[in-house]
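The chain contents come next:
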Amino acid sequence: MDRDPILLTPGPLTTTLRTKLAMLKDWGSWDTDFIAVTASVRQRLLDIVHGADSHVLVPLQGSGTFSVEAAVATVVPRDGHVLVMDNGAYCKRAARLTQLMGRRATVVPQAEEEPVSAGEMEKRLLADPSITHVVLIHCETGTGVLNPLPEMAAVCQRLGKGLIVDAMSSFGALPIDAREVRFDALVAASGKCLEGVPGMGFVFLRKAILDGCAGNSQSLAMDLHDQHVYMEKTGQWRFTPPTHVLVALSEAITQFEEEGGRVARLARYTDNCRVLVDGMAALGFRPLLRPEVQAPIIVTFHAPAHPAYEFRRFYEAAKARGFILYPGKLTQVETFRVGCIGAIGANEMRQAVAAVADSLAEMGIPDGRPAG
Ligand SMILES: *Cc1c(COP(=O)(O)O)cnc(C)c1O
């Protein structure tokens, strides 16, 4: 293979040559050229959610989870109480980091194959007035299910509860409009649907709550209020910025705009997802989710029932053909996941299905039919 393997994973993902080439230069963090890149990226990210009037954009070093943790630490007061309607692995992670930072968290288990219910959330909020905030995972990447952001945001607004959205795997593809959906914080990262490289996250913070966030964070490095104040004053990041990651993101956003923005990106991912699901269905594979609740970001498939199936061997066989699959994240049923995002299109998805077919054949498995 003279091509890098195609990453069918929800980040890191396959990037374009242009994005990779943008990293071949060193930048001084205090230099005006770099300060201008930071300012431009912040502005263009705000534009994607139409948030320039209502929100500020605060970038943060680290992987996406660092920014989720920072958002909770910055937005939720130390005596706050967070509700998590839990339908997957990233909900559990958000609940855990909330508790580790000393905030009270109530976790309500929900079915993993279904979106969480805004009505059920409302009942919980009414039953326990001590709850101050809701943490919502927009696209639960553990399964690929899409949670109802507009409905849940409307309930939070009506009941006067804060809302923190982990939109890591949806931002840049699925619709999010800050003029229509009220959120206190919304978190995403460089290496997901914007197709940059991993290494930084960013958080949209609602201007109306900003002043009240001062002093909430028990962490120096994760304090988004402090990062924001410093950046507004100096144009610089508080601590060493991920310079190459930021310029790669800037280049990735330029390509995002050239492609036609969020709508075009969603159309490409939707097409990727359809080609994948149809091709896999022809091989006998069955997705975990009903099509109506499946986000076109990552698809969970049931593992084949055949006794010769073993994920590790399947993974290696697909890798030898140039495609990197992703393990499942469910406790009850055996699954694996295939991402639809990254700088790839229908051709790569067709090739991926062909690689899966060849991998099954190599393992002596006639088809991908699951048990039952
Ligand atoms: C990718 C992702 C994250 C962040 O994961 P990292 O490994 O820290 O980058 C958080 N939430 C969701 C829903 C994600 O898809």
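Reading the values: the criteria
Residues numbered from 1 in each chain as written. Predicted model: local features only at pLDDT ≥ 70, side-chain atom pairs only at ≥ 80, totals over all residues. Heavy atoms only, no water. Helix = DSSP H or I, 4+ residues; strand = E, 2+ residues; numbered from the N terminus. Rg over C-alpha atoms; globule rule 2.2 N^0.38 Å. Buried < 20%, exposed > 50% of the residue type's maximum accessible area, 1.4 Å probe, protein only. Contact = heavy atoms within 4.5 Å. Areas by Shrake-Rupley, 256 points an atom, 1.4 Å probe, with all protein chains shown as cover. Lys, Arg positive; Asp, Glu negative; His and termini not counted. Charge placed at Lys NZ, Arg CZ, Asp CG, Glu CD. Core = buried A, V, L, I, M, F, W, Y, C linked by side-chain atoms within 4.5 Å. Phe/Tyr/Trp six-rings, centres within 6.5 Å; stacked < 30°, edge-to-face > 60°. Lys NZ or Arg CZ within 6 Å of the ring centre and 35° of its normal. Pairing = 2+ DSSP bridges. Axes fitted to C-alpha atoms, helices over the stretch in contact; angles between N-to-C directions. 1 Å grid on protein atoms, 1.4 Å probe; cavity = no way out; pocket = protein on both sides within 12 Å on 5 of 7 lines; lining within 4 Å. Points joined across faces, edges and corners; volume = space filled by probe spheres on them. Nonpolar A, V, L, I, M, F, W, Y, C, P; charged D, E, K, R; others polar. Domains from an automatic or database assignment.

**Q** Explanation requested: the overall build of the protein chain in the structure shown.
**A** Each helix and strand in the protein chain was counted, giving 12 helices and 14 strands. Computed over its C-alpha atoms, the radius of gyration of the protein chain comes to 21 Å, within 12% of the 21 Å expected for a compact globule of 372 residues. Counting only C-alpha atoms, the protein chain reaches 60 × 55 × 30 Å along its principal axes. For the protein chain, the residues scored as buried account for 56% of the 372 residues in total. Long-range contacts, defined as pairs at least 24 residues apart, comprise 73% of the intrachain contacts of the protein chain with a sequence gap of at least 6. On the protein chain, roughly 15000 Å² of surface is accessible, and the fraction owed to carbon and sulfur atoms is 55%. The distance from the centre of the 37 positive side-chain charges to the centre of the 41 negative ones in the protein chain is 2 Å.

**Q** Mind showing me how you'd approach the nonpolar core here?
**A** Generally speaking, a soluble globular protein has its nonpolar side chains buried in company with each other. In this structure, Leu45, Phe171 and Phe204 are the most contacted members of the largest nonpolar core, which totals 47 residues. In terms of residue count, helix H9 (residues 243–259) provides more of this core than any other element does, seven residues in total. Discounting chain neighbours no more than four positions away, the residues touching phenylalanine 171 are Leu45, Ile48, Val49, Ile176, Leu186, Ala188, Cys193, Leu194, Phe202 and Phe204. Among the nonpolar cores identified, the runner-up in size contains 32 residues, and Val56, Val75, Ala94 and Ile164 belong to it.

**Q** Can you help me understand the packing of aromatic side chains in this one?
**A** The way to describe two aromatic rings as a pair is by their centre distance and the angle between their planes. Considering all chains together, one arrives at 11 aromatic pairs under this definition. Aromatic pair phenylalanine 285 and phenylalanine 336: ring centres 5.6 Å apart, planes at 85 degrees, arrangement edge-to-face. Of this pair, phenylalanine 285 sits in the loop between helix H10 (261–282) and strand E11 (298–302) while phenylalanine 336 is found in strand E14 (residues 335–339), placing the two residues 51 residues apart along the sequence. Clustering of aromatic rings is evident, with ring pairs tying together Phe285, Phe301, Tyr309, Phe314 and Phe336. Positioned above the aromatic ring of tryptophan 27 is the side chain of lysine 25, whose terminal nitrogen or guanidinium carbon lies 4.5 Å from the ring centre.

**Q** Sorry if this is basic, but what is going on with the sheet that holds strand E8 (residues 162–166) here?
**A** Sheet strands pair by backbone hydrogen bonding; their relative direction is either parallel or antiparallel. Strands sit in the order E2-E10-E9-E8-E5-E3-E4 across an open sheet of seven strands; the sheet is mixed. With one partner strand each, in any of the chains shown, strand E2 (55–61) and strand E4 (104–109) form the two edges of the open sheet. Averaged over neighbouring strand pairs, the angle between their axes works out to 20 degrees when direction is ignored. Pairing analysis gives six bridges linking strand E3 (residues 81–86) to E4, with the strands arranged parallel. Note that in E4 the partner of valine 84 across the bridge is valine 107. Strand contacts of helix H5 (residues 118–127): E3, E4 and strand E5 (133–137), with the helix running at about 155 degrees to E3, the strand carrying the most contacts.

**Q** What am I meant to see in the layout of surface pockets here?
**A** The probe, sized like a water molecule, is rolled over the atoms to show the empty space still left. Counted as a void, the largest pocket has a volume near 340 Å³. Contributing elements (two or more residues each) for the lining of the largest pocket: helix H3 (64–75) and helix H4 (89–100). Of the residues in the lining of the largest pocket, the class split is 11 nonpolar, eight polar and four charged. Each of domain 1 (6–11 + 261–363) and domain 2 (18–258) accounts for three or more of the residues forming the lining of the largest pocket. Estimates place the volume of the second largest pocket at around 180 Å³. Along the wall of the second largest pocket there are 13 residues; nearest its centre are Ala39, Arg42, Gln43, Leu46 and Leu57. Of all elements in the fold, only helix H2 (32–48) and E2 reach the threshold of two or more residues within the lining of the second largest pocket. The biggest single contributor to the lining of the second largest pocket is H2, with six residues.

**Q** What should I look at first to understand the environment of aspartate 79 in this one?
**A** If you trace the backbone, aspartate 79 turns up in the loop between H3 and E3. Here aspartate 79 falls in the exposed class, since its relative accessible area comes to 71%. C-alpha separation for the pair aspartate 79 and proline 12, spaced 67 residues apart in sequence, amounts to 35 Å.

**Q** Explanation requested: empty space enclosed by the protein in the structure shown.
**A** Under the defined criterion, the tally for this structure stands at one cavity of 30 Å³ or more. Put simply, the largest cavity is a space of about 30 Å³. Per-class residue counts for the lining of the largest cavity are four nonpolar, two polar and one charged.

**Q** How do you make sense of unusual backbone geometry when you look at a structure like this?
**A** With the exception of glycine, most residues fall at negative phi, and the peptide bonds are largely trans. Cis peptide bonds are those with omega within 30 degrees of zero, and the linkage from glycine 11 to proline 12 qualifies with -5 degrees. Mapped onto the elements of the fold, proline 12 is located in the loop between strand E1 (6–7) and helix H1 (17–21). A positive phi angle, near 65 degrees, is found at glutamate 195, a position not held by glycine. Following the sequence through the fold, glutamate 195 ends up in the loop between strand E9 (185–189) and strand E10 (200–206).

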